[in-house]
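Spelled out, the chains give:
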There are 2 protein chains.
Amino acid sequence: MAKSKEAKNLDTSTEEKIIQAARKVFTQKGYVATRTRDIAEEAGINLALLNYYFRSKEKLFQMIMAEKLQLLFSVVLPIVNNDDLTLDEKIETLVENYIDLLIDNPDLPLFVLGEIKANPEGFKDRLQVRKLLQNSSFIRQLRERKPDVEPVHFIVSLLGMTVFPFIAKQILFADDSTFKMQMEERKVLITKWARTILET
Amino acid sequence: MAKSKEAKNLDTSTEEKIIQAARKVFTQKGYVATRTRDIAEEAGINLALLNYYFRSKEKLFQMIMAEKLQLLFSVVLPIVNNDDLTLDEKIETLVENYIDLLIDNPDLPLFVLGEIKANPEGFKDRLQVRKLLQNSSFIRQLRERKPDVEPVHFIVSLLGMTVFPFIAKQILFADDSTFKMQMEERKVLITKWARTILET
DNA sequence: GTCTATACTACGATAGAC
DNA sequence: GTCTATCGTAGTATAGAC
């Protein structure tokens, strides 16, 4: 730990300021739409410094994207592979943790999904979600509980109910504070509905 | 009807060829990422012709976007406002029609939602989905059936289950043919699950 | 490390010949 | 209506002074 500091941003290093700015602008506008000038301005530094610390816009972007993918995986993987949790416990924990994550990072889904669509090749190796899920205890438990339905259908529905509001909030929700409140409400609703579906 | 023609593309007017190309490229790559040169090449015409027929990239884009929004609304509005349909009939029809639409236009959701996020101001007046839904018989029926749950939560879940697979298909589904097959399966699954949820 | 000035490239748009 | 050639601008990246 460094000495106690009161300032939030004034004492952060230039490199860190650039990273923070890049995080914000990239996730808000996507790769093509962000200009390195936007990032420099947001960071309060000169444009040349961006290329001094990171070689290029592309390199800087890769850092941010890797970080965001890591963030997404870090929520899912520990849960779906945890043999000690029952199926119902997994569902409840997944939904709660995911909604908490997305409330803190509302741009995340549209950002990641948009960039994957824009450049599928760049994600070919990094995204083996299907393989990671395939052997998980989550899938195994789903097959046991509902042998007649492909697990993918349940997972897509669970993810859809959880993630979709964050993707479509501009259209479907009025203001930001009621949105947050309703997402808290959704935690228990989705969990309940998912269990109901499994009992069908 | 024009005289019978066998060719599909050779006889279409230059203007129509540009529109078709723009439809394809814009919905695939989004506004910022598409270059007018891409559209010209896709249409098999010269770049200058694009500005001859449509004044600018922006004008051409607005045409395509208006068309796509119209497409989305034309599926939803007639159903949610139809007083002759029961709630269960509305749900079934909505899911079926939407999945059919999205199978034919898989890029549609990510395209529209991405552009709205990129330029929220440009959609302020055109998107009054909330107001259009507010007074619909669909909402009224939902309130009657489940007075304890905000209708928005049910609608978001229904839309999420239906639309999300098309947004995340790069990640969650293997190949295109099994994807289509599984989307057909989903029609009856979502309808069934939605009804189950309403009985909770 | 940080700045200013600039090179280089890519893009949207237009002029002008046919 | 359609083409070639080109203008103007905006964006990434770098050179070089401090």
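Basis of the calculations
- Residues numbered from 1 in each chain as written.
- Chains lettered and ligands numbered in written order.
- Predicted model: local features only at pLDDT ≥ 70, side-chain atom pairs only at ≥ 80, totals over all residues.
- Heavy atoms only, no water.
- Patch = residues over 30% accessible without salt bridge, like charges linked within 9 Å, V, L, I, M, F, W, Y side chains within 5 Å.
- Areas by Shrake-Rupley, 256 points an atom, 1.4 Å probe, with all protein chains shown as cover.
- Salt bridge = Lys/Arg side-chain N within 4 Å of Asp/Glu carboxyl O.
- Helix = DSSP H or I, 4+ residues; strand = E, 2+ residues; numbered from the N terminus.
- Buried < 20%, exposed > 50% of the residue type's maximum accessible area, 1.4 Å probe, protein only.
- Least-squares fit on C-alpha atoms with pLDDT ≥ 70 in both.
- Contact = heavy atoms within 4.5 Å.
- Domains from an automatic or database assignment.
- Buried area = accessible area lost by both parts, 1.4 Å probe.
- Axes fitted to C-alpha atoms, helices over the stretch in contact; angles between N-to-C directions.
- Parallel < 35°, antiparallel > 145°, perpendicular 65-115°, else oblique.
- Nonpolar A, V, L, I, M, F, W, Y, C, P; charged D, E, K, R; others polar.
- Polar contact = N/O pair within 3.5 Å; in protein donor to acceptor, adjacent residues only side chain to side chain.
- 1 Å grid on protein atoms, 1.4 Å probe; cavity = no way out; pocket = protein on both sides within 12 Å on 5 of 7 lines; lining within 4 Å.
- Points joined across faces, edges and corners; volume = space filled by probe spheres on them.
- pLDDT = per-residue confidence, 0-100.
- Near = heavy atom within 4 Å.
- Core = buried A, V, L, I, M, F, W, Y, C linked by side-chain atoms within 4.5 Å.
- Phe/Tyr/Trp six-rings, centres within 6.5 Å; stacked < 30°, edge-to-face > 60°.

Caption draft 1: Examining a nonpolar patch on the surface more closely. All names here are of chain A. A contiguous nonpolar surface patch, about 320 Å² in accessible area, is contributed by Leu49, Tyr52 and Tyr53. Here Tyr53 is to be found in helix α3 (residues 47-53). The exposure class of Tyr53 is partly exposed, given its relative accessible area of 34%.

Caption draft 2: Spotlight on the relation of the copies chain A and chain B. Between chain A and chain B, which share one sequence, the superposing operator has a rotation angle of 180° and an axial displacement of 0.0 Å; the RMSD is 0.0 Å. Given the turn and translation reported, the copies of this chain are related as if by a two-fold rotation axis. For chain A, the minimum C-alpha distance to the rotation axis belongs to Gly160 of chain A and amounts to 2.1 Å. Both copies share a contact surface, since 100% of the interface residues of chain A are interface residues in chain B too.

Caption draft 3: A look at the environment of Glu199 of chain A. Topologically, Glu199 of chain A is positioned in the segment after α11 (176-198). Sequence separation between Glu199 of chain A and Gln182 of chain A is 17 residues, and the spatial gap between their C-alpha atoms is 25 Å.

Caption draft 4: Highlighting the domain arrangement of chain A. All names here are of chain A. Once the domains are mapped, chain A shows domain 1 (1-55) and domain 2 (62-199). A C-alpha centroid distance of 29 Å is found between domain 1 and domain 2. Taking both partners together, domain 1 and domain 2 bury about 700 Å²; carbon and sulfur atoms supply 70% of that area. One can count one salt bridge joining domain 1 with domain 2. Taking the shortest distance from any N to any O, the salt bridge between Arg23 and Glu67 comes out at 2.4 Å.

Caption draft 5: A look at the packing of helix α9 (residues 151-167) of chain A against helix α9 (residues 151-167) of chain B. Viewed as axis vectors pointing N to C, α9 of chain A and α9 of chain B meet at an angle of 95°, and their least axial separation amounts to 7 Å. The angle between α9 of chain A and α9 of chain B places the two elements in the roughly perpendicular class. In this structure, α9 of chain A uses Val156, Ser157, Leu159, Gly160, Met161, Val163, Phe164, Pro165 and Ile167 of chain A to contact α9 of chain B, whose residues at the interface are Val156, Ser157, Leu159, Gly160, Met161, Val163, Phe164, Pro165 and Ile167 of chain B. Here the contact of α9 of chain A with α9 of chain B is built from residues that sort into 14 nonpolar, four polar and no charged.

Caption draft 6: Examining the interface of chain A and chain B more closely. If you look at the interface, chain A gives 44 residues, while chain B gives 44 residues. Approximately 4300 Å² of surface area, both sides summed, lies buried where chain A meets chain B, with 74% of it carried by carbon and sulfur atoms. Linking chain A with chain B are zero salt bridges. If you look at where chain A meets chain B, you find 14 residue pairs in polar contact (both at pLDDT 80 or more). Elements supplying a minimum of two residues to the side of chain A that touches chain B: α1 (14-29), α6 (108-118), α7 (129-134), α9, α10 (169-172) and α11 of chain A. The element best represented in the side of chain A that touches chain B is α9 of chain A, accounting for twelve residues. Residue composition of the side of chain A that touches chain B, grouped by class: 27 nonpolar, ten polar and seven charged.

Caption draft 7: Looking closely at the layout of surface pockets. Approximately 1100 Å³ is the volume found for the largest pocket. Listed by contribution, the elements that provide at least two residues to the lining of the largest pocket are α1, α4 (57-80) and α6 of chain A together with α1 (14-29), α4 (57-80) and α6 (108-118) of chain B. Reported here for the second largest pocket is a volume of approximately 420 Å³. Broken down by secondary-structure element, the contributors of at least two residues to the lining of the second largest pocket are α10 and α11 of chain A together with α7 (129-134) of chain B. In terms of residue class, the lining of the second largest pocket is built from nine nonpolar, two polar and six charged.

Caption draft 8: Representation of the confidence of the model for chain A. Averaged over all residues, the pLDDT of chain A is 94; the fraction at 70 or higher stands at 94%. A low-confidence stretch, residues 1-8 of chain A (pLDDT under 50), is modelled with one contact involving residues beyond four sequence positions or located in other chains.

Caption draft 9: Summary view of the protein's contact with DNA strand C. Looking at DNA strand C, there are 15 residues lining it, with Asn46 and Tyr53 of chain A together with Arg35, Thr36 and Arg37 of chain B nearest. Taking all atoms of DNA strand C within 4 Å of the protein, the share assigned to sugar and phosphate is 66%. Of all the secondary structure elements, the ones that give two or more residues to the surface near DNA strand C are α3 of chain A together with α2 (36-43) and α3 (47-53) of chain B. The greatest single-element share of the surface near DNA strand C, amounting to four residues, is contributed by α3 of chain A. Across the surface near DNA strand C, the residue classes tally to six nonpolar, six polar and three charged.

Caption draft 10: View of the nonpolar core. Grouped together as the largest cluster of nonpolar side chains are 134 residues, with contacts concentrated most on Phe138 of chain A together with Phe138 of chain B. Ignoring sequence-local partners within four residues, the contact set of Phe138 of chain A consists of Val80, Leu87, Lys90, Ile91, Leu94, Phe154, Ile155 and Leu158 of chain A.

Caption draft 11: Broad picture of the packing of aromatic side chains. Applying the stated rule across the entire model yields 14 aromatic pairs over all chains. Pairing Tyr52 of chain A with Tyr53 of chain A gives two aromatic rings, centres 5.1 Å apart and planes at 85°, and the pair type is edge-to-face. On the basis of relative accessibility, which here comes to 64%, the residue Tyr52 of chain A falls in the exposed class. Both rings, one in Phe26 of chain B and one in Phe61 of chain B, keep their centres 5.2 Å apart while their planes meet at 75°; by these two values the pair is edge-to-face.

Caption draft 12: View of the environment of Glu42 of chain B. Checked against the element boundaries, Glu42 of chain B lands in helix α2. Setting aside its immediate chain neighbours within four residues, Glu42 of chain B contacts Ala21, Lys24 and Val25 of chain B.

Caption draft 13: Spotlight on the protein's contact with DNA strand D. Of all residues adjacent to DNA strand D, which total 15 residues, the nearest are Arg35, Thr36 and Arg37 of chain A together with Asn46 and Tyr53 of chain B. Sugar and phosphate atoms represent 64% of those atoms of DNA strand D found within 4 Å of the protein. A distance of 2.9 Å separates a phosphate oxygen of DNA strand D from a polar side-chain atom of Thr14 of chain B. For DNA strand D, a phosphate oxygen lies 3.1 Å from a polar atom in the side chain of Asn46 of chain B. Breaking the surface near DNA strand D down by element, the ones donating at least two residues are α2 (36-43) and α3 of chain A together with α3 of chain B. With four residues, the top contributor of residues to the surface near DNA strand D is α3 of chain B.

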